[in-house]
Structure formats: C-alpha cells, structure tokens
Amino acid sequence: MRENYHDELDEIDERIIEMSTLAAAAMDAATRALLTCDLELAEWVIGGDDRIDALRAELESASFQLIARQQPVATDLRMLIGAVHLAGDLERMGDLAHHVAKLARMRFPDCAVPPEAHDIIERMGAVARSLVQKVVDVVDGIADRDIALAQAIEAEDDAMDALRRALFALVLSPDWAQGTEAAVDLTLLGRYYERYADHAVAVARQARFIVNGQHVHS
Amino acid sequence: MAQGVEARKLNAYYGKFRAVSEVSFTIEARTVTAFIGPSGCGKSTVLRTLNRMHEVIPGARVDGDVLIDDQDIYAPGVDPVVVRRSVGMVFQRPNPFPTMSIYDNVVAGFTLRSGRVRKAERDQVVERSLRAANLWDEVRDRLHKPGGGLSGGQQQRLCIARAIAVEPEVLLMDEPCSALDPISTLAIEDLIQMLKREYTIVIVTHNMQQAARVSDRTAFFTVSGTGQPGQLVELDDTATIFSTPADRRTEDYISGRFG
C-alpha cells in the first residue's frame with residue numbers, strides 16, 4: 001500500500017542520517033585541523049558545508065511536498081515535522097564546524113589554540129564527537145523507536161557547559177600571557193562548541209518527539 | 001434534546017455469523033464521532049445497531065445494550081419505530097422521495113410522527129429544517145418542485161433536513177459523502193459542524209481525512225480476518241488518533257500500511 005509514499009519517507013530518513021553523519025564528520029575534522037594546524041583539513045570542512053546546506057533544502061522541500069500531497073498522520077507526520085526541525089539544527093551544527101575550521105585557517109601557519117588551552121579544546125572536541133556519535137545513532141534509530149540514547153545526550157551536554165566555563169576561567173586568569181587575540185579566538189571557539197552541543201540536544205529532543213509524540217521543553 | 005449514546009458489550013449477528021464482537025463505548029451529547037476502519041470491520045453494522053436498523057435484515061440480531069438518554073433501546077417492549085424517530089439516519093446515496101416536492105420531502109417524517117398539523121406549523125418546520133440543513137436559500141423559490149430535480153449534494157442536504165425535521169436526539173450518517181463531489185462533500189462537512197451544536201452525530205466514513213476534519217472523537221474498528229468478527233480497537237479524541245494513536249493497528253491503518 002502507498003509504496004511510493006513510503007519510499008519517499010524512507011528517503012527522508014536516509015537524508016537525515018546522511019546530514020547527521022556529515023555534521024559529525026565536519027566537527028571532528030575541524031577540531032583536528034584546529035589542534036594540529038592542518039590547513040588542508042580546515043579547507044575540506046569549509047568546502048563540505050555546502051553539501052549540508054543543500055541537504056537541508058532538499059529535506060525541507062521533500063517534507064513540504066509529502067505534507068501537501070499525502071496527508072501524512074501519526075508517526076509519519078511527526079517524522080516530517082521533526083525532519084524540518086532536525087534539518088535546521090543539523091545545518092547549524094555544520095555551520096559551527098565551518099566556523100571552527102575558518103578560525104583554524106585564519107591563524108595558519110600559526111595555531112589558533114595556544115598550548116595552555118590545548119587540553120580543554122581537545123576535551124571539547126571529544127565531548128562533541130561523543131555527543132554527535134550518539135546523535136547519529138539516535139537519528140539512525142528513529143525507525144527503531146529507541147529513546148534511551150536521546151536521553152543520554154542531554155546528560156553529556158552538561159559536560160560541554162563545564163568545559164566552556166573552564167575555558168573562560170583560563171583566559172580571564174591573571175596568568176594569561178597569550179594576549180587579547182588568542183583570548184577572543186578561544187572565547188569564540190568555546191561558544192561554537194557549546195552551541196554545537198545545544199543543537200545536538202535539540203536534535204535528540206526532536207528524535208524523542210518523532211518516536212513518542214511528547215514535546216520536550218527545556 | 002441531543003443525547004449521548006452508550007454501547008455495552010454489543011454483539012451483532014447475521015444468522016450464525018457474528019459480525020461485531022463485544023463493542024463498548026460512550027459518546028457524549030453534541031459531539032461528532034467518526035467510525036473508521038477497513039471494509040468488513042463492522043463499523044456500518046455498529047452504526048445500524050444504534051437505531052435498530054440492523055435487525056431489519058432477515059436473520060440479523062443484536063445482543064448487548066445500547067443506551068440513549070439512559071434508556072436501553074433493546075429493552076423488552078421498546079418499539080423500534082419509536083427508536084428510529086429519535087435516532088435519525090442519513091444514507092450513502094441521497095434518497096429523497098423523487099416525485100414528492102421538496103416541501104413534502106421535509107415534512108414526510110414529521111407528519112408521520114405528529115399526525116395532522118396546521119399548515120403554518122408545517123411551513124415553520126420546513127423552513128427551520130431547510131435552514132438548519134443549509135439548503136433554504138437554494139430552494140426557497142421552488143419548494144413545490146420535485147426533490148429529484150436537485151443536485152446530488154442538495155439532495156443529501158434535503159435528506160438531512162428530512163432527518164432533522166423530527167428533531168432527533170441522535171443523527172447517524174452512513175458514508176453521507178461517498179456519492180458526492182468534493183465541493184458538495186465540503187458543504188456537508190460544514191453542515192455537520194453546524195448540526196453538532198444541536199445534535200449528537202455519529203458518522204461512518206471511508207475517508208480518513210474526512211474523519212480527521214469533521215469529528216471530535218474517532219473510533220477505529222478492525223477485523224483480524226475473513227469470518228472473524230469486527231472489533232473496536234480504540235476510541236479517542238480525533239487529535240490523538242491522528243497524531244499519537246495508542247494502538248499499532250490504528251497507526252498502520254491511518255498511515256496506509258494496511259486496510
């Protein structure tokens with residue numbers, strides 16, 4: 001029954017998975033580019049953002065068409081409304097990875113991250129990686145109605161907030177010797193990682209809405 | 001006065017075949033309840049048990065209770081004809097008396113019930129019923145022309161006018177739009193919204209979007225296989241049925257995965 005319709009729903013599901021995989025890979029590469037001062041890797045992240053933006057446009061248009069023409073209900077409807085929201089968050093996650101990569105490129109051949117901040121940024125990158133891997137698993141598992149992972153993501157976001165506070169403390173301490181420019185860079189980087197984690201939480205909430213129809217508000 | 005409807009452990013049979021099994025529900029007064037489900041699920045059968053129209057088929061019978069205004073319509077001594085006066089019905093195909101005038105179509109049921117009535121009163125009933133059926137403006141100049149000359153959508157509204165002329169407590173509609181074009185269908189749907197202020201409405205529809213558009217509550221019926229009795233799966237707020245139904249079978253049906 002309604003095979004074309006269900007094929008199109010499956011395609012939307014696949015596009016969301018692709019988008020989340022790309023948003024994960026982008027931040028992972030941007031962090032490595034930043035910490036190892038790798039210009040090529042930074043360029044790769046910057047160039048790849050177009051694909052994420054294009055996927056968002058495709059997802060929105062495909063969801064709109066299905067809503068207009070197929071009268072989706074229940075899980076199908078939640079999935080399509082959820083897809084539009086998810087696409088917005090995943091696109092922003094891609095943008096934030098893009099910002100991190102641009103900062104790495106802007107400071108090349110110097111490193112944007114001075115040695116004393118290296119550890120915190122590395123940990124932020126690790127939390128981002130762990131969070132987004134869960135996001136990919138959640139998005140991939142929407143069809144399996146697994147919400148335990150979506151709940152785990154919210155807990156991990158707290159770790160990111162703590163790291164950002166540590167970064168602030170570092171650049172504001174009287175011992176800070178790297179100057180204003182580096183302090184501004186690190187403040188921005190902290191903001192990018194923290195926002196990235198917040199969007200990951202938003203994706204997890206949308207995934208929960210798709211699975212059980214319950215809105216989660218912070 | 002609109003009344004609620006309650007079914008308790010209702011079973012409907014055609015001879016030895018049990019068509020509907022153990023259906024129980026409560027419908028509140030002045031609401032629209034849609035019955036949906038695949039062919040053979042028993043939704044039309046259940047509808048017809050609500051005004052004792054099921055038993056008119058030879059060999060058909062019902063057990064269980066149906067309460068309207070807290071009266072069991074299947075209690076011994078209850079006259080089915082009296083039940084059908086208080087529970088009106090509109091059918092799939094508009095069925096006005098074709099040679100009778102529009103005016104006489106509307107008063108047909110009313111005069112049957114009330115015997116001789118003065119012309120002024122009949123005029124009043126005709127105007128009130130046609131206005132309530134949203135047909136008055138279209139037919140006021142030709143009340144004495146035959147009902148068969150109206151369009152399908154107008155004929156269906158004439159049948160609704162005839163059904164409400166007797167001021168029933170409950171109005172049953174058995175796929176009232178399935179023989180109508182889309183615009184006439186929307187006109188009937190608008191009318192249903194107006195009528196629910198005064199009547200309790202139960203509508204069987206094959207069109208799920210129609211159920212989603214017009215009803216306050218939706219009941220999903222299904223059947224597990226041929227030869228099996230139909231059953232009520234769930235009855236809930238329409239908003240809930242079409243966004244987060246409780247039963248997987250409901251979800252599969254409304255999203256077109258079976259049925």
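Data block above holds the structure.
Residues numbered from 1 in each chain as written. Chains lettered and ligands numbered in written order. Predicted model: local features only at pLDDT ≥ 70, side-chain atom pairs only at ≥ 80, totals over all residues. Heavy atoms only, no water.

A. Focus on the overall build of chain B. Scanning chain B from N- to C-terminus turns up ten helices and ten strands. Taken over the C-alpha trace, chain B has a radius of gyration of 18 Å; the compact-globule value for 259 residues is 18 Å, and the two agree within 12%. Overall, the C-alpha framework of chain B stretches about 55 × 45 × 30 Å when taken along its three principal axes. Contacts in chain B between residues far apart in sequence, at least 24 positions, make up 67% of those at least 6 positions apart. Placing the 31 positive and 32 negative side-chain charges of chain B at their respective mean positions leaves the two points 5 Å apart. (Helix = DSSP H or I, 4+ residues; strand = E, 2+ residues; numbered from the N terminus. Rg over C-alpha atoms; globule rule 2.2 N^0.38 Å. Contact = heavy atoms within 4.5 Å. Lys, Arg positive; Asp, Glu negative; His and termini not counted. Charge placed at Lys NZ, Arg CZ, Asp CG, Glu CD.)

B. Region of interest: the interface of chain A and chain B. Across the boundary between the two partners, chain A contributes 14 residues, which contact 13 residues of chain B. Carbon and sulfur atoms supply 50% of the area buried between chain A and chain B, which totals about 990 Å² over both sides. When the buried surface of chain A facing chain B is broken down by residue, Met1(A), Val73(A) and Ala74(A) rank first, second and third, together holding 43% of it. Along the contact surface separating chain A from chain B lie zero salt bridges. The interface formed by chain A and chain B contains five residue pairs in polar contact (both at pLDDT 80 or more). The set of elements that each furnish at least two residues to the side of chain A that touches chain B consists of helix H1 (3-36) and helix H3 (74-107) of chain A. For the side of chain A that touches chain B, the leading source of residues is H3(A), giving four residues. (Buried area = accessible area lost by both parts, 1.4 Å probe. Salt bridge = Lys/Arg side-chain N within 4 Å of Asp/Glu carboxyl O. Polar contact = N/O pair within 3.5 Å; in protein donor to acceptor, adjacent residues only side chain to side chain.)

C. Spatial organisation of the packing of aromatic side chains. By the definition in use, this model includes three aromatic pairs over all chains. Three or more aromatic residues joined by ring pairs make a cluster, and in this case those are Phe25(B), Phe35(B) and Phe221(B). The ring of Tyr5(A) carries the charged tip of Arg2(A) above its face, separated from the ring centre by 4.1 Å. Directly above the aromatic system of Phe97(B) lies the positively charged group of Arg162(B), at a separation of 4.7 Å from the ring centroid. (Phe/Tyr/Trp six-rings, centres within 6.5 Å; stacked < 30°, edge-to-face > 60°. Lys NZ or Arg CZ within 6 Å of the ring centre and 35° of its normal.)

Note that all results are geometric; they support no functional claim without further evidence.
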